Amino acid sequence: MNGAPDANEEVEDDGIKPLPERLVFDLTAQRTLALRNALASDVDIAFVAVLHALTLQAFYRFAQDTCLEISMRSNSFGQVQDLGETPWAKEIAERHEAWDRDLPQSEGDLWDFLLGLDEASRKALFAHSAALSLNAVVEPWNRRPGALAHADVLARALQFEMASAGWTPTVENYLGRVTKTRIVQAVREARGEESAQLIDHMKKDLMAREAARLLEGSNWLPEPLRLEQDGPVADIGEPVVGYTSDDPSAAGPAELPAFLTDSDDPSSGERASDVEDETDELQAAE
């Protein structure tokens, strides 16, 4: 009979029903791959798409309006005392604040804003946002040998070195937080055995202050700040000059002020006892 429904045909009582979820999944999976292929053929739009994803996460809290599954984490390391006062932290903060002022208030307007930027500005924002995700911190509970090795690869590509970036050992950032043996080792590596002997009899506080003066301008770095290519570090106490400055003016032993070499100084005249070194070890571990 004409007009009779086919036995295999579903009757829709209330108009057209939504497509089955599995069919929608299959169709959009095909679209996703086709769209991936199209994006791969346009490096400029691909760059903007990645920049859009990074900028959303760097500047817009909880914003997830991107189809790129790129996740960025940025640790502020707030537990490190005075880290925000370093010149690097201040430069990053100033740059971030400048971009934050220029970016649109709504994340919905970000895509058009990025398309409207000139190439140099897009690259600058990309570099800033990408850099925020870099993590080369050594954590005893989170071993990441591959990531840490890549940090050295990246540093070499950037021709980056901590001494050139402005780091120098001070009482606060290193010398006051390690044992006397390590303080003497640092001076020995940077300035030679004669300079190390000038301070090896001192009390810890005085030794740290004078070591900071002796190491100034030497470009000496502790092991965690050295690139792997800088070579092995001598064992503690081993009298080897392993890391010296290329500056000729930094070579040779340095002399202490006269009052520090006075034999009447109660801090001089005898080497520190083993008990004092053990106390230093405990203090450094705290």
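Details of the structure are given in the entry above.
Report follows, based on the coordinates. (Residues numbered from 1 in each chain as written. Predicted model: local features only at pLDDT ≥ 70, side-chain atom pairs only at ≥ 80, totals over all residues. Heavy atoms only, no water.)

### Topic: the overall build of the protein
For clarity, the cut-off: Helix numbers and strand numbers start at the N terminus; a helix is a DSSP run of H or I with at least 4 residues, a strand a run of E with at least 2. In these tables, accessible area is a Shrake-Rupley quantity obtained with a 1.4 Å probe, and a residue counts as shielded only by the protein chains included in the view.
Check the secondary structure of the protein and you find 10 helices and zero strands. Mapped from its N terminus to its C terminus, the protein presents α and β elements in the order α-α-α-α-α-α-α-α-α-α. Accessible surface computed for the protein: about 19,800 Å², of which carbon and sulfur atoms make up 52%.

### Quick look at the environment of threonine 32
Here is the rule we go by: Burial classification: accessible surface area is computed with a 1.4 Å probe over protein chains only, and a residue below 20% of its type maximum counts as buried, one above 50% as exposed, and the rest as partly exposed.
Looking at the secondary structure, you find threonine 32 in helix H1 (residues 21-40). For threonine 32, a relative accessible area of 37% gives the class partly exposed. In the structure, threonine 32 is positioned 35 residues away from cysteine 67 in sequence and 9.8 Å away in space, judged by C-alpha atoms.

### Re the side chain of histidine 128
What counts here: By the criterion applied in these results, polar contacts are pairs of N or O atoms within 3.5 Å in which, for protein atoms, one can donate a hydrogen and the other can accept it, and in which residues neighboring in sequence qualify only through two side-chain atoms. The contact criterion used throughout is that any non-hydrogen atoms of two residues lie within 4.5 Å.
Structurally, histidine 128 is set in helix H5 (residues 119-131). Among the polar contacts listed, one links the side chain of histidine 128 to the side chain of histidine 96, at a separation of 2.9 Å. Filtering out sequence-adjacent residues up to four positions away, histidine 128 remains in contact with Phe59, Ile92, Arg95, His96 and Trp99.

### Topic: the pattern of salt bridges
This is how the line gets drawn: Each salt bridge in this description consists of a side-chain nitrogen of Lys or Arg and a carboxyl oxygen of Asp or Glu lying within 4 Å of one another.
Under the criterion given, the structure shown has seven salt bridges. Note that lysine 123 is salt-bridged to glutamate 119, the shortest N-O span being 3.2 Å. With a gap of four residues between them, lysine 123 and glutamate 119 both fall in helix H5, about one helical turn apart. Overall, lysine 123 belongs to the partly exposed group, its relative accessible area being 47%. Across the salt bridge formed by arginine 188 and glutamate 193, the nearest N and O atoms sit 2.7 Å from each other.

### Examining helix H2 (residues 43-59)
Because each turn of an α-helix spans 3.6 residues, side chains separated by three or four positions end up pointing in the same direction. Condition: By this rule, a helix spans an expected 1.5 Å times one less than how many residues it contains.
End to end, H2 covers 24 Å across 17 residues, agreeing with the expected 24 Å (1.5 Å per residue, within 8%). Turning to H2, the residues buried within the fold contact helix H3 (87-102), helix H4 (110-116) and H5.

### A few points about a negative patch on the surface
Where we set the bar: In this scheme, patches are assembled from residues that exceed 30% relative accessible area and form no salt bridge. Like charges are connected within 9 Å, while nonpolar side chains (Val, Leu, Ile, Met, Phe, Trp, Tyr) are connected within 5 Å. For the purpose of charge, His is not counted, nor are the chain termini; Lys and Arg are scored as positive and Asp and Glu as negative. Where a charge lies is defined by one atom per residue type: Lys uses NZ, Arg uses CZ, Asp uses CG and Glu uses CD.
There is a patch of like negative charges on the surface, built from Asp65, Glu107, Asp109 and Asp112. Examined against the element boundaries, aspartate 65 turns out to sit in the loop between H2 and H3.

### Focus on the packing of H2 against H5
The test is simple: Axes here mean lines fitted to C-alpha atoms, for a helix over just the part in contact, with angles spanning 0 to 180 degrees between N-to-C directions. Oblique is the label for any angle not under 35 degrees, not over 145, and not in the 65 to 115 range, which are roughly parallel, roughly antiparallel and roughly perpendicular in turn. Note on convention: the crossing is left-handed when the near helix lies turned anticlockwise from the far helix by less than a right angle, right-handed when the turn is clockwise. All amino acids are sorted into three groups, where Ala, Val, Leu, Ile, Met, Phe, Trp, Tyr, Cys and Pro are nonpolar, Asp, Glu, Lys and Arg are charged, and the leftover types, Gly among them, are polar.
With their axes 9 Å apart at the nearest point, H2 and H5 run at an angle of 50° to one another. Taken together, the axes of H2 and H5 lie oblique to each other. Handedness of the H2/H5 crossing: left-handed. Counting all contacts with H2, which are made through Phe47, Val48, Val50, Leu51, Leu54, Thr55, Ala58 and Phe59, the residues of H5 involved are Arg122, Lys123, Leu125, Phe126, His128, Ser129 and Ala130. Taken together, the residues that form the contact of H2 with H5 break down as 10 nonpolar, three polar and two charged.

### Some thoughts on the packing of helix H7 (residues 180-191) against helix H9 (residues 204-215)
Where H7 meets H9, the closest approach of the two axes is 10 Å, and the angle between their N-to-C directions is 20°. Here H7 is positioned roughly parallel relative to H9, judged by the angle of their axes. Judged by the twist between their axes, the crossing of H7 over H9 is left-handed. On H9, the residues that touch Lys180, Ile183, Val184, Ala186, Val187, Ala190 and Arg191 of H7 are Lys204, Met207, Ala208, Ala211, Leu214 and Leu215. Class assignment of the residues belonging to the contact of H7 with H9 gives a composition of 10 nonpolar, no polar and three charged.

### Re unusual backbone geometry
One can expect most non-glycine residues to show negative phi and most peptide bonds to be in trans. One non-glycine residue, aspartate 82, lies in positive phi territory at about 65°. Mapped onto the elements, aspartate 82 comes out in the loop between H2 and H3. Under the relative-accessibility criterion, aspartate 82 is labelled exposed at 54%. Notably, glutamine 159 is not glycine yet its phi reads approximately 55°, a positive angle. Tracing the sequence through the fold places glutamine 159 in the loop between helix H6 (145-157) and H7. Its relative accessible area of 74% is what places glutamine 159 among the exposed residues.

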